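Chain by chain, the residues:
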Amino acid sequence: MPLLETNPEIAAKDFDIPVTKVAPRTDKSPLPFEEIPGPAILKLWEKYWRYVPLLGTQLFCSLLINKFTQGRLSWNRNVMPIKYLFDEYGCVVRINGPLINDIVMIHRPEHIAEVLEQERELSVRSGIDILQHYHLNHRKYRSAGAFSLQSYEWLEVKEKVDQPFNDTVWDYFEKLDEVCGEFTNRIREICNRQDEVPGTFHRDLTAWGMECFYVTMFNKHLGFLDPTSRSVDETTKVINALITAHTYMSRCETGFQVWRFFETPFAKRLFAACDVLNEIIGKYIRHTQNKLQALSQLEQERFAKEKEGSPFLEKMLAQRIHVDDISTLLMDMMILGVQAVVNCEAFLIYFLAKNPRAQKQLYDEIISVSARSGSVLTKESLKNMPYLKACVKESLRLRPAFPYLTRLLSSPITLHGYAIPKGTFVIMASQITSQREQLFEDPEKYRPERWLNQDEHAHNFYQEYSCLPFGYGSRSCLGRNMAETQMTLLIAKLVREFTIEYDYADIGSRFFMMNVPNRPLRFRFVDRK
């Protein structure tokens, strides 16, 4: 105890207490890759993973996430598990490696810029293993599918598909507008006396998405939105198969991939649903082939040069693209593309329903350009609706179709002072990026006006990396123009015809390989007439 007693009068005289100073780090070389922080428990798993190569490359297994978050989070909460890791370990997190070396997760725009700027055209991203397995092993196709292609194979497909995609959107703009008009009529049919749609409204949105797909791909108005259609058997088969495939694709992809060794019940259900879609796609391919073969050689050459006004499938066959590649491309577009557009449209309707001021401003803009109810919207009218585009962009900022971007580094880089070697798998949490308070004021709020009259002085180099709902570079979404056109057309029609309301608990998102609404879409569509 006497050792703890100090006379303040003599302490300063008799003791020279040195002041410890931390010397600044003069070595500016990057810190070693091994020093990147991350969950310690996974380092123990690392030596076992080499013997159990079952972990999907798209994202993480829910079992492992539950382990290193002590059961506080589940994967279906979407971006929250990775948000937890950033909060716990910092802006650069390392996960000791499963299949392809180690995984690094980032979310700051300057770090994302560093990854995307270093890549060349031959960028490599993760594919969807179960779809690749279906195409190569189950169907015995020569290609794994457009979504899973990499490097030169991807560039070859992109070069052939990019322009026909954009041409098809404008060639079939009026027919897409007609489909959106049919959907507004469908809403009037299914609303109850309180002007509320049933809890199965997401299925009706899927029917709208598939009708748009049939119109642009096959030039076929099948009748997904008409319950009295002659093709009701095909429409029902397609919708059921599409929903089943999307459900079990997620379950197969985000867990331990036992289906690599034998067909699990989930894989069997997925493959059965894909077989239904593949059969229908094959039917339309054969029909189009017969149509083209009936043309003379001169007519075929003229058709291949012009192709204006022809559906996307005819454009592909006219370019002599292999039938297997066309089948896998259309399959991926059905399962991934259509569902992505449908879910993004669902979130857009929800945000406008929850923000009546934004909806009123959008309505004022729409009627100023296209006042007459039921009239056809044109390409020119959409171009004159900046607030409409801002509404779509703000919805995609809050709920992009895919909350992550992935890359396999083709060269070493430095992130946040750490040396990241070539071959590292990088997950960019782009949805978390687009909701950072440093980048967006009140980031959780739906404010379309933030995209209007942006201050040029506030713009910086990294701003373009703060919101990437369609990806970036050579691996950006092929169907971006088509998706945006369908979304803007439909929401313009809906807002012009209805006041949209929502009176239930907030709709969040769950992860099924993409953002999916976690509640029934029980909107009220009050007819403005």
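Going by what an unreviewed UniProt entry lists, the protein is known as Probable cytochrome P450 49a1 and is assigned to Dinoponera quadriceps. The Cofactor (unreviewed entry) comment attached to the protein in UniProt states, word for word, "heme".

A. Quick look at the overall build of the protein. Along the backbone of the protein there are 19 helices and ten strands. The buried share of the protein, reckoned over its 529 residues, is 54%. Partitioning the contacts of the protein with sequence separation of at least 6, the portion at a separation of at least 24 is 75%. For the protein, the exposed area adds up to about 25,500 Å²; of that, 51% sits on carbon and sulfur atoms.

B. Highlighting empty space enclosed by the protein. As enumerated under the stated definition, the model contains six cavities of 30 Å³ or more in all. Approximately 870 Å³ is the volume attributed to the largest cavity. If you go around the largest cavity, you meet 41 residues; those closest to its centre are Phe147, Gly337, Phe402, Cys477 and Leu478. Where the lining of the largest cavity is concerned, the elements lending two or more residues are helix H7 (151-171), helix H9 (201-218), helix H14 (323-354), strand E3 (405-408) and helix H19 (480-497). Looking at the lining of the largest cavity element by element, the count peaks at nine residues for H14. When its residues are assigned to classes, the lining of the largest cavity shows 26 nonpolar, eleven polar and four charged.

C. View of the packing of helix H15 (residues 356-369) against H19. Contact pair H15 / H19: the axes reach a minimum separation of 9 Å and the direction vectors enclose 100 degrees. By the criterion of interaxial angle, the relationship of H15 to H19 is roughly perpendicular. In this structure, H15 uses Gln359, Leu362, Tyr363 and Ile366 to contact H19, whose residues at the interface are Ala492, Val495 and Arg496.

D. Summary view of the UniProt feature "binding site: heme" (unreviewed entry) in the protein. Look at the UniProt record and you will see "binding site: heme" (unreviewed entry) annotated at Cys477. Residue position: Cys477 is located in the loop between helix H18 (430-433) and H19. On the basis of relative accessible area, Cys477 is assigned to the partly exposed category, the value being 38%.

E. A look at the nonpolar core. Counting residues in hydrophobic clusters, the biggest one holds 134 residues, and the most contacted among them are Tyr214, Phe523 and Phe525. It is H14 that contributes the most residues to this core, 21 residues altogether. With residues near it in sequence (within four places) discarded, Phe525 still touches Ile187, Cys191, Asp195, Val197, Phe201, Ile349, Leu494, Phe498, Thr499 and Ile500. Of all hydrophobic cores here, the second largest spans 21 residues; its members include Leu409, Ile420, Leu468 and Tyr472.

F. Structural detail: the packing of helix H8 (residues 173-190) against H9. Orientation of H8 relative to H9, taken along the N-to-C sense of each, is 160 degrees, at an axis distance of 10 Å. With respect to H9, the element H8 is oriented roughly antiparallel. Once H8 is placed against H9, the crossing between them reads as right-handed. Contact residues: Lys175, Leu176, Val179, Cys180, Phe183, Arg186, Ile187 and Ile190 in H8; Phe201, Asp204, Leu205, Trp208, Glu211, Cys212, Val215 and Thr216 in H9.

G. Region of the structure containing the pattern of salt bridges. Overall, the coordinates contain 25 salt bridges when judged by the stated rule. In this structure, Arg108 and Glu110 form a salt bridge, with 2.6 Å as the shortest nitrogen-oxygen distance. Across the pair Asp162 and Lys158 runs a salt bridge, and its minimum N-O distance is 3.6 Å. Of the two residues, Asp162 and Lys158 both sit in helix H7, four residues apart, roughly one turn of that helix. Asp162 sits in the partly exposed class, given a relative accessible area of 26%. Through salt bridges with shared partners, a single ionic network connects Arg188, Arg496, Glu497 and Asp527.

H. Quick peek at the pairing of strand E2 (residues 103-106). Residues Ile103 and Met105 of E2 are buried on one face, and the alternating residues Val104 and Ile106, pointing to the opposite face, are buried as well. In this sheet, E2 lies alongside strand E1 (residues 92-95) in antiparallel orientation, the contact comprising four bridges. By the bridge assignment, Val92 is partnered in E2 with Ile106. For E2 and strand E6 (residues 425-428), the ladder comprises four bridges, and the chain directions are parallel. Counted as the bridge partner of Ile106 is Met428 from E6.

I. View of the sheet that holds E6. Strand order in the open sheet formed by four strands is E1-E2-E6-E3, and the pairing between neighbours is mixed. A single partner strand is all that each edge strand has here, and the edge strands are E1 and E3. Direction aside, neighbouring strands of the sheet carry axes that sit 20 degrees apart on average. Of the strands in this sheet, E1, E2, E3 and E6 are in contact with helix H5 (residues 109-118), which crosses E6 at around 135 degrees.

J. Structural detail: the pairing of strand E7 (residues 498-501). Only one face of E7 is buried, namely the one carrying Phe498 and Ile500, since none of Thr499 and Glu501 on the opposite face is buried. Taken together, the four bridges between E7 and strand E10 (residues 524-527) define a ladder with antiparallel strand orientation. Across the sheet, residue Phe498 finds its bridge partner in E10, namely Asp527.

K. Seen up close, H15. In this model, H15 (14 residues) spans 20 Å end to end at C-alpha, consistent with the 20 Å of a helix rising 1.5 Å per residue. All of the buried residues along H15 are Ala358, Gln359, Leu362, Tyr363, Glu365 and Ile366. The buried residues of H15 occupy one face: seen down the axis, they fall within an arc of 165 degrees. Opposite the buried face of H15, at more than 90 degrees from it, the exposed residues are Pro356, Arg357 and Ser368. Taken together, the buried residues of H15 touch H14, helix H17 (386-398), H19 and E7.

The rules behind each value
- Per chain, the residues get numbers from 1 upward, laid out in the order the sequence is written.
- This being a predicted model, a pLDDT of at least 70 is required before a residue's local features are given, and a value of 80 or more before pairs of side-chain atoms are given or counted; all residues contribute to the totals for chains, interfaces and linings.
- Hydrogens and water are ignored here; the side-chain numbers use all heavy atoms of the structure.
- UniProt positions are given in the numbering used here, feature names are shortened, and annotations may be inferred rather than shown by experiment.
- Secondary structure elements are defined from DSSP: runs of H or I of at least 4 residues count as helices, runs of E of at least 2 residues count as strands, and each element is numbered from the N terminus.
- Burial status follows relative accessibility: with a 1.4 Å probe on protein chains alone, a residue under 20% of its type maximum counts as buried, one over 50% as exposed, and anything between as partly exposed.
- In what follows, a contact means two residues having at least one pair of non-hydrogen atoms within 4.5 Å.
- We get accessible surface area from the Shrake-Rupley algorithm with a probe of 1.4 Å; when it comes to residues, only the shown protein chains can shield them.
- Cavity and pocket criteria rest on a 1 Å grid covering protein atoms alone: a 1.4 Å probe that fits but cannot get out defines a cavity, protein on both sides within 12 Å along at least 5 of 7 lines defines an open pocket, and an atom within 4 Å of a point defines a lining residue.
- Grid points are joined across faces, edges and corners, and a volume is the space filled by probe spheres set on the points.
- Residue polarity is assigned by list, with Asp, Glu, Lys and Arg as charged and Ala, Val, Leu, Ile, Met, Phe, Trp, Tyr, Cys and Pro as nonpolar; anything else, Gly included, falls into the polar class.
- Under this scheme, a helix contributes an axis fitted over its contacting stretch, all axes are lines through C-alpha atoms, and angles between N-to-C directions fall in the 0 to 180 degree range.
- Angle categories are assigned with fixed cut-offs, so that under 35 degrees is roughly parallel, over 145 is roughly antiparallel, 65 to 115 is roughly perpendicular, and the rest are oblique.
- The set of buried Ala, Val, Leu, Ile, Met, Phe, Trp, Tyr and Cys residues whose side-chain atoms join them within 4.5 Å is what this entry labels a nonpolar core.
- Working rule for handedness: look at the near helix, and if it is turned counterclockwise from the far one by less than a right angle, call the crossing left-handed; if clockwise, right-handed.
- For salt bridges, the criterion is a side-chain nitrogen of Lys or Arg within 4 Å of an Asp or Glu carboxyl oxygen.
- Pairing between two strands is assigned when DSSP locates at least 2 bridges connecting them.
- The span you would expect from a helix comes to 1.5 Å times its residue count less one.
- Directions pointing from the helix axis toward each C-beta atom define the arc.

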